[in-house]
Amino acid sequence: MIKRFFSYYVPHKKLFFIDFFSAIVVAVLDLFFPIVVQWFINTLLPQQEWDKVVWVSGGLLLTYLISAYLQYNVNFLGHKLGIHIETDMRQDLFESIQRQSFRYFDNTKTGHIISRITNDLFDIGELAHHGPEDLFIALMTFVGAFGIMFYVNPTLAIVALVFVPFLIALITYTNIKMNQAWSKMYAEIGDVNARVEDSVSGMRVVQSFTNEAHEVEEFRKNNRRYQKAKVGGYKVMGYTSSGIFLATRLMILSVLLVGAWLLYTNSLDVGEFVLFILYINILFKPIEKISAILELYPKGMAGFKRFTEVLDTEVDIEDKPDAKVAPVLNGDIEFHNVTFSYENNRPVLNDLNLFIPAGKTVAFVGPSGAGKTTISSLIPRFYDVDSGAITINGINICDMTKKSLRSQIGIVQQDVFLFSGTLKENIRYGKLDASDEDIYRAAKLANLDGLIESLPEGYETQIGQRGLKLSGGQKQRIAIARTFLKNPPILILDEATSALDTETEALIQESLQELAADRTTLVIAHRLATIRHADHIVVVTKDGIAEQGTYEELVAKNGVFATLNNIQLTHV
Ligand SMILES: Nc1ncnc2c1ncn2[C@@H]1O[C@H](COP(=O)(O)OP(=O)(O)OP(=O)(O)O)[C@@H](O)[C@H]1O
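Residues numbered from 1 in each chain as written. Predicted model: local features only at pLDDT ≥ 70, side-chain atom pairs only at ≥ 80, totals over all residues. Heavy atoms only, no water.

The protein goes by Multidrug ABC transporter ATP-binding protein in an unreviewed UniProt entry, where it is assigned to Shouchella clausii. The Sequence similarities (unreviewed entry) comment attached to the protein in UniProt states, word for word, "Belongs to the ABC transporter superfamily." One UniProt comment on the protein, placed under Subcellular location (unreviewed entry), says "Cell membrane". (UniProt positions renumbered as here; feature names shortened; annotations may be inferred.)

Set out below in structure tokens:
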């Protein structure tokens, strides 16, 4: 874990070394100060060499100036290093999330993902800056100061050293406790974010059921749990800093007492006594640094652990090492004995065989939950089959690269997802390098041009978060325009018009028929009238394919389809 953490320093090694070197020089200069003071007291003052006093003071001023400059390096470049590392990690995390499959998102709350990208990484930057540098400086100052103290007076040095094992024990114990506390805190803030995300995205549902008070109460519970976890961490921190304070003050007191005795028995002179007191103060610095790391390390590492968990999540839909770029997928689509389940329980599809001829429109109908959407999700490999195979142009889709497969499949669903931004940006999402002319053409083909012309800002109209400012039919047409722009040989229309009134539906059907022309098209529909002209109709039930044929054939068969059709006709 630590090795992996350090790998993030590699691209910024220059910054790291400047910062590290500056910090070392500052610490060394600090170490020399008491020696100079002792020299002042024991040598320069008794001999009254004023010119030397002035020279030494000048020298000290120079070292202070150098030290000030180096401290600027430590503070600025060190933090810069920290934020660079944090940014790199955030980028890696985002990229890793982009690679995850549908299954990952089925089982992961958005708020938890946001939490990992934001909160978890905050403390990592600080740890990256302070961690190695402060630890090294602390150890160096500690060893340096003790070395000099031993050299000057071993007895007094041992008196100070007695407290060190106690400090180490305290630091180790609290480190473990704080690690637990911060891990819990990160998990809790993840839950807080998840609830905010759920509640804000579902605000229309919340308010329509007047469940605001319920949401507030649920949020309060999450918020309190986070508060409790954080308070737990601060409690351990409180114990630690008090423990460290007491141990260091006892250290001073003991040195004062024993030092006074040694002075009294002439085993120590005044200069050495002052030197010791100054070194004890210098010793506080590494102790403070270590206690700061003690706070940072568990926090940063808890965040880093959660960060690596996402990075290490196995991506279940990946290109095979020998995957090939798919040719133009204008051939037949075939399911060969396909079995598929979402979880390890009942298969949604069981030993399914299916033939979708090239360039034809095949409709899938049947009761809700039968598996129609599932069939369409397997073709772009949003999920992989448990057994059997799906081929297009006779090639197993698992032998193609994901990118070349998915770039040839267009999907228009009932729920259209739009991004915050302008109308034009949302259409362009279908083909990021499309020219404005291509976009206008696609909009026209999707019957969107009339709407756009009626808007004061036309294509530059902001559509609000997830297209909230648009009607269902308008969103649908944007989705169709996107797909025109993408121009894929395979098309999946999943309940694309079911949320629309008859007039809008007729308008959109027109666009869809245009879109489907010359493409292999799968249409999933509940309203059977909309698929009357499909080349082939497949009736899917929970037990698999119940029947298939043309509209006329199925009506004549008087089976499941005919029954469904009759019900719908009598209800119209
Ligand atoms: N992401 C998922 N994770 C787990 N189970 C799922 C998931 N998506 C669908 N299911 C389950 O798989 C079964 C088939 O669902 P699917 O959406 O394919 O049905 P459908 O025929 O398209 O239904 P509808 O006509 O209502 O859209 C259902 O029992 C559903 O609960």
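1. Remarks on the site of the ligand
Neighbouring the ligand are 13 residues, the closest being Ser368, Gly369, Lys372, Thr373 and Thr374. Here a nitrogen atom of the ligand and a side-chain polar atom of aspartate 106 are 3.0 Å apart. In this structure, an oxygen atom belonging to the ligand sits 2.5 Å away from a side-chain N or O atom of serine 368. Considered on its own, the ligand offers 630 Å² of accessible surface; in the complex 65% of this is hidden by protein. If you tally residues by element for the shell around the ligand, the top one is helix α12 (residues 372-378), at three residues. Partitioned by chemical class, the residues of the shell around the ligand number five nonpolar, six polar and two charged. (Near = heavy atom within 4 Å. Polar contact = N/O pair within 3.5 Å; in protein donor to acceptor, adjacent residues only side chain to side chain. Areas by Shrake-Rupley, 256 points an atom, 1.4 Å probe, with all protein chains shown as cover. Helix = DSSP H or I, 4+ residues; strand = E, 2+ residues; numbered from the N terminus. Nonpolar A, V, L, I, M, F, W, Y, C, P; charged D, E, K, R; others polar.)

2. Describing the sheet that holds strand β3 (residues 361-365)
On the basis of which strands lie adjacent, the open sheet formed by six strands has the order β6-β7-β8-β3-β9-β10 and mixed pairing. A strand with exactly one partner marks an edge of an open sheet, and here the two such strands are β6 (409-413) and β10 (544-549). Averaged over all neighbouring strand pairs, the angle between strand axes comes to 15 degrees, with direction disregarded. With five bridges joining them, strand β9 (residues 536-541) and β10 adopt antiparallel strand pairing. Each bridged residue has a counterpart across the sheet, and for isoleucine 537 the counterpart in β10 is glycine 549. The strands touched by helix α17 (residues 472-486) within the sheet are β6 and β7 (490-494), with β6 carrying the most contacts at an inclination of about 175 degrees. (Pairing = 2+ DSSP bridges. Axes fitted to C-alpha atoms, helices over the stretch in contact; angles between N-to-C directions. Contact = heavy atoms within 4.5 Å.)

3. Some thoughts on the domain arrangement of the protein
According to the domain assignment, the protein consists of domain 1 (1-153) and domain 2 (416-487). Taken over C-alpha atoms, the centre of domain 1 sits 51 Å from the centre of domain 2. (Domains from an automatic or database assignment.)

4. Overview of the packing of helix α7 (residues 154-161) against helix α10 (residues 212-264)
A pair of packed helices is characterised by two quantities: the angle between their axes and the separation of those axes. As a packed pair, α7 and α10 sit with axes 9 Å apart at the nearest point and diverge in direction by 160 degrees. With respect to α10, the axis of α7 lies roughly antiparallel. Crossing hand, α7 versus α10: right-handed. Judged by residue contacts, Thr155, Leu156, Val159 and Ala160 of α7 engage Met251, Ser254, Val255, Val258, Gly259 and Leu262 from α10. Across the contact of α7 with α10, the residue classes tally to seven nonpolar, three polar and no charged. (Parallel < 35°, antiparallel > 145°, perpendicular 65-115°, else oblique. Left-handed = near helix turned anticlockwise from the far one by under 90°.)

5. Observations concerning the pairing of strand β1 (residues 333-340)
The side chains of a regular strand alternate, first on one face of the sheet and then on the other. Relative to strand β2 (residues 349-356), β1 is paired through five bridges, and the arrangement is antiparallel. Note on β2: the bridge partner recorded for isoleucine 333 is isoleucine 356. Two strands pair when backbone bridges link them, and β1 and strand β4 (residues 387-392) are joined in this way by five bridges, in the antiparallel orientation. Bridged to histidine 336 within β4 is alanine 389.

6. Looking at the packing of helix α6 (residues 119-152) against helix α8 (residues 163-201)
At a minimum axis separation of 14 Å, α6 and α8 run at an interaxial angle of 175 degrees. In terms of their interaxial angle, α6 and α8 are classed as roughly antiparallel. Residue-level inspection shows Asn119, Asp120, Asp123, Phe142 and Phe146 of α6 in contact with α8, the latter providing Val164, Tyr186, Ile189 and Asn193. Partitioning the contact of α6 with α8 into residue classes produces five nonpolar, two polar and two charged.

7. Notes on the pattern of salt bridges
In the structure shown here, the tally under the stated rule is 16 salt bridges. Among the salt bridges present, the one from arginine 4 reaches aspartate 312, with a minimum N-O distance of 2.8 Å. Here the residue arginine 4 occupies a position in helix α1 (residues 2-7), and aspartate 312 occupies one in the loop between α11 (270-311) and β1, the gap between them amounting to 308 residues. In this structure aspartate 312 comes out as partly exposed when scored by relative accessible area, which is 47%. Notably, a salt bridge pairs aspartate 316 with arginine 103, separated by 3.3 Å at the nearest N-O pair. Residue aspartate 316 is located in the loop between α11 and β1, and its partner arginine 103 is located in helix α4 (residues 102-107); the two are separated by 213 residues in the primary sequence. (Salt bridge = Lys/Arg side-chain N within 4 Å of Asp/Glu carboxyl O. Buried < 20%, exposed > 50% of the residue type's maximum accessible area, 1.4 Å probe, protein only.)

8. What to know about the packing of aromatic side chains
Summed over all chains, the structure comprises 25 aromatic pairs. Between the aromatic rings of phenylalanine 5 and phenylalanine 304, the centroid separation amounts to 5.1 Å while the plane-to-plane angle is 90 degrees, which identifies the pairing as edge-to-face. Placement of phenylalanine 5 in helix α1 and of phenylalanine 304 in helix α11 is noted, with a sequence separation of 299 residues between them. Taken individually, phenylalanine 5 and phenylalanine 304 each receive the classification buried, so the pair is uniform in this respect. Where phenylalanine 419 meets tyrosine 429, the ring centres are 4.5 Å apart and the plane angle is 40 degrees; that geometry is what we call tilted. (Phe/Tyr/Trp six-rings, centres within 6.5 Å; stacked < 30°, edge-to-face > 60°.)

9. Description of unusual backbone geometry
Phi angles above zero are rare outside glycine, and asparagine 337 is one such case at about 45 degrees. Relative to the assigned elements, asparagine 337 resides in strand β1. For asparagine 393, which is not a glycine, the phi torsion comes out positive at approximately 55 degrees. You can see asparagine 393 is positioned in the loop between β4 and β5 (395-396). Taking the relative accessible area as the measure of exposure, asparagine 393 reaches 28% and is therefore partly exposed.

10. Considerations on the sheet that holds β1
Strand order in the open sheet formed by four strands is β2-β1-β4-β5, with antiparallel pairing between adjacent strands. Of all strands in the sheet, those with a lone pairing partner are β2 and β5, marking the two edges. Across two bridges, β4 lies against β5 in antiparallel orientation. Paired with threonine 391 across the two strands is asparagine 396, which belongs to β5.

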